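Below are the chains, spelled out letter by letter.
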Amino acid sequence: MATLNDAKRIVIKIGSALLVENGALRATWLAALAQDVAMLKARGADVILVSSGSIALGRGLLNLPATELSLEQSQACASVGQIRLARAYQEGLEPHGITTAQVLLTLEDTADRRRYLNSRATLEALLALGVVPIVNENDTVATDEIRYGDNDRLAAQIAVTVGADQLVLLSDIDGLYTANPNTDASAKHIPRVTEITSDIEDMAGDPVSGLSKGGMKTKVMAAKTAMAGGCAMVITQGAVERPLKALSDGALATWFLPTVDPKGARKNWIGAMKPKGAVMVDAGAVIALKAGKSLLPAGITEVSGQFGRGDPVEILGPESVRVGVGLIRYTADEAAQIQGAQTKDIQAILGYAGRAAMIHRDDMVL
C-alpha cells in the first residue's frame, strides 16, 4: 500500500465544500492545511495545490442567493473569488516561508500539446524554485469545469503533466464505497483499487455535498487518468483538521495504485506517438543524448517534415540511424533557422527568446 510519506512530488486537490462554508473562507481549516503543506515541503517533496472554491467564495462576496447560478453569474463569481482565493493561500503559506504562485488552467491546456508543454515548463520552473503553485480552474473563460468538474480531472491531468507520483483528492468522503454510505448502511469501504473495472465505475455515485459538483464519478475518471500516467491517487476525508497529516498517520482512504511509475508511463506515451518530422543530429549530440542530456540546437544538422511545437519528431544520428523520438519545442521553420546555433544566439536569430533545449530530456525516448 502506498503512503503519503513515499511521495516526492504531490498534487493535492481541494474541493469547494472544504474551503468555503456559507460563502465565507474556512480560514482556520486553511491555516491547518498550510501546516500540512509545510510538513511535506520539509520532507523535500514538491507540492502543487489544485483548488476549487473561487465560485463559492465569489458568491459569498457578491451576496448572491444560494440558488442555481447562471453560467454568466458563475463566471462573474469566479472572477471575484479567484483574487480572494489566491490571497488566502498566499497569506496562509507565507508564515511558513513558502512562496506561492497562481496558475489558471483548463482541461484544454493539458490536452493541446503546445499548451501542455508551456504549462509543464512553467510548473517545472516554479517547482525548481521551491514555489507552491496554486492551480485554479479558469472558470472566467472555461465552462466545462463549471458544468462537469470539481477539478478532479484537471488535478489528474496536472499530476500526469508534471510527473507527480501521488495525487491526493481531499474530499467530503473518506474513499470509495460499494454504495453511497449515506443512504446504504451495507456499503463497504474499498481500501485499494489496482484496476478501474466496470464494477468500480458502477460504484461511483452522486455528489455528497451541495457545493461539490464532481462527485465520485469524476474522481474515478481522475483515477483512470492518474493511473495511466503512473501516478498513485488517493481519496481521503478532507474536512478534518490537518488532513494530510491524518493521511500520513494512516487515516481511512482509498488508494488507486498504478502498475507503472510516472517516468515509465510518460516514456511509453511518447514512444507510441507517430512522428511528424525528423531532426538529424551529429555524433557528439548522440553521445550527449545517451548520457542523459537534452537536445540543443547546436547538435542539429538537418530538419525535415512539417511539425508544430509539441509535436513528436524522430531523432536521427549520422547515416540516418534512428536514435529516438521526442516532443519538440519549436516549429519546423523555427528549428531550421536555429539548427547548429548556440543557445545564446537563439533570440538574435528568431527575434524572440526561445527555450534552451530543442527537445528536453524528459520529453524524449531513446
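The structure we're discussing is the one just above.
Analysis parameters
Residues numbered from 1 in each chain as written. Predicted model: local features only at pLDDT ≥ 70, side-chain atom pairs only at ≥ 80, totals over all residues. Heavy atoms only, no water. Helix = DSSP H or I, 4+ residues; strand = E, 2+ residues; numbered from the N terminus. Buried < 20%, exposed > 50% of the residue type's maximum accessible area, 1.4 Å probe, protein only. Contact = heavy atoms within 4.5 Å. Areas by Shrake-Rupley, 256 points an atom, 1.4 Å probe, with all protein chains shown as cover. Patch = residues over 30% accessible without salt bridge, like charges linked within 9 Å, V, L, I, M, F, W, Y side chains within 5 Å. Salt bridge = Lys/Arg side-chain N within 4 Å of Asp/Glu carboxyl O. Pairing = 2+ DSSP bridges. Axes fitted to C-alpha atoms, helices over the stretch in contact; angles between N-to-C directions. Core = buried A, V, L, I, M, F, W, Y, C linked by side-chain atoms within 4.5 Å. Parallel < 35°, antiparallel > 145°, perpendicular 65-115°, else oblique. Left-handed = near helix turned anticlockwise from the far one by under 90°. Nonpolar A, V, L, I, M, F, W, Y, C, P; charged D, E, K, R; others polar.

Peer 1: How should the overall build of the chain be read in this particular structure?
Peer 2: Of regular secondary structure, the chain possesses 15 helices and 17 strands. Referenced to the eigenvectors of the C-alpha coordinate spread, the extents of the chain come out at roughly 70 × 40 × 40 Å. Counting over 366 residues, the chain shows a buried share of 51%. Residue pairs in contact within the chain that sit at least 24 positions apart in sequence constitute 73% of those at least 6 positions apart. If you sum the accessible surface of the chain, you get close to 16,200 Å²; carbon and sulfur atoms cover 50% of it.

Peer 1: Quick question: what am I supposed to make of a nonpolar patch on the surface here?
Peer 2: Residues L61, L62 and V80 make up a contiguous nonpolar surface patch of about 220 Å² in total accessible area. Along the chain, L61 turns up in helix α3 (residues 54–61).

Peer 1: Whenever I open this one, the sheet that holds strand β1 (residues 9–14) confuses me. Can you help?
Peer 2: The strands making up a sheet associate through hydrogen bonds between their backbones, and the pairing can be parallel or antiparallel. Read from one edge of the open sheet, eight strands run β5-β6-β4-β1-β7-β11-β12-β10, paired in mixed fashion. Here the strands that pair on one side only, and so sit at the sheet edges, are β5 (100–105) and β10 (192–193). Direction of pairing for β1 relative to strand β7 (residues 166–171): parallel, over a ladder of five bridges. Across the sheet, residue K13 finds its bridge partner in β7, namely L169. Each of β1, β4 (46–51), β5 and β6 (132–137) is contacted by helix α4 (residues 71–93), which is oriented at about 150° to β5, the strand it contacts most.

Peer 1: Please explain the nonpolar core as it appears in this structure.
Peer 2: Inside soluble globular proteins, nonpolar side chains tend to come together where they are buried. Counting 40 residues, the largest nonpolar core has V11, I48, I158, L167, M233 and F256 as the members making the most contacts within it. If one sorts the elements of this core by residue count, helix α10 (residues 215–228) sits on top with six residues. The contacts of M233, once residues within four sequence positions are left out, are L167, L169, K219, A222, A223, A226, T254, W255 and F256. By size, the runner-up hydrophobic cluster in this structure holds 38 residues, among which are L18, I98, I134 and L257.

Peer 1: Any chance you could explain the packing of helix α8 (residues 152–161) against α10 here in plain terms?
Peer 2: In helix packing, the relevant descriptors are the interaxial angle and the interaxial distance, both defined with respect to the helix axes. The geometry of α8 relative to α10 is characterised by a closest axis approach of 8 Å and an angle of 15° between their N-to-C directions. Classed by the angle they form, the pair α8 and α10 counts as roughly parallel. Judged by the twist between their axes, the crossing of α8 over α10 is right-handed. Residues D152, R153, A156, Q157 and V160 of α8 pack against G215, T218, K219, M221, A222, T225 and A226 of α10. Each residue belonging to the contact of α8 with α10 can be placed in one class, and the counts come to five nonpolar, four polar and three charged.

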